[in-house]
Amino acid sequence: MPIASRLSLHHLCLCLAAALPLSWSAHAQSPTTGAAPEMAARPAGPPQPGGRYVVDPTHTFVLYEMGHYGTSTNRGRFGTRDGQVQVDAAGQLARVDVSFDMASINTGVDLLNRHVQSSDFLNVADFPTGRYQAEDVRIEEGRVQVLRGRLTLLGQTHPVDLRAVRFNCYVSPLHGRQVCGGDFEAEILRSQWGINWGLQFGFEDRVRLLVQVEAVLVPVAAR
């Protein structure tokens, strides 16, 4: 097998997903883009009971890490396509539904990006979207601790739990709305989704997913 082909595997990005991760649609009144203001964000308390949130794609990404010949760690990053979070009326449970743009994979090397998009790995031509869904997300003392959900890649769906490393809500100084989110982690076996390239010659099956997500509260009038 050509060296260039083997190198491309480095970007096996099993991620997805992650993570949570949601839709920044026009009816949600996206905040104005631009440089961050030079002012501190205000505390915002816990996620709002009954609130609907859309993910801010400028602050929501999935990073994957995969061991390479037992030596270094290969990394790549995906962006989200859309998604939302719905909190129940009591503010104790939430549902999450996030789609990922698999073609957005960025490993820092064009050749590797193309290989990961190919049928050797993610087969982006036939499966351009990944999806993460969690319907029983517990909110305890105003914080999300774990998302127990399922990840769909290559048309296959398997359970994946995301553990919160940090979680917080704040009032954005950019647009004055509550934003909730944090960092989440999981480990998956890529072979569960049929991504087997390189398993016999040095590319690990176990993939670490690192998900950063921020979701913005949708105003009542826009829900």
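Nothing here was measured: the structure is a model prediction, and the numbers come from that model. (Residues numbered from 1 in each chain as written. Predicted model: local features only at pLDDT ≥ 70, side-chain atom pairs only at ≥ 80, totals over all residues. Heavy atoms only, no water.)

Colleague: Break down the pairing of strand 11 (residues 203-217) for me, citing the residues and quoting the values.
Modeller: Here three bridges tie strand 2 (residues 52-55) to strand 11, and the two strands are oriented antiparallel to one another. The residue bridging V55 from the neighbouring strand is A215, located in strand 11. Across seven bridges, the pairing between strand 3 (residues 61-68) and strand 11 is antiparallel. Within strand 11, the residue paired with M66 across the bridge is V207. Sheet topology places strand 10 (residues 178-189) next to strand 11; 11 bridges connect them, and they run antiparallel. Paired with F184 across the strands is V211, a residue of strand 11. (Pairing = 2+ DSSP bridges. Helix = DSSP H or I, 4+ residues; strand = E, 2+ residues; numbered from the N terminus.)

Colleague: Give me the pairing of strand 8 (residues 146-153): which residues, what numbers.
Modeller: Alignment of strand 6 (residues 129-140) against strand 8, held across three bridges, turns out to be antiparallel. Counterpart to Q133 in the pairing with strand 8 is R150. Here strand 8 pairs with strand 9 (residues 156-171) via eight bridges, running antiparallel. Paired with R148 across the strands is D161, a residue of strand 9. The loop that links strand 8 with its antiparallel partner strand 9 comprises two residues; one of these, L154, has a positive phi angle of about 50°.

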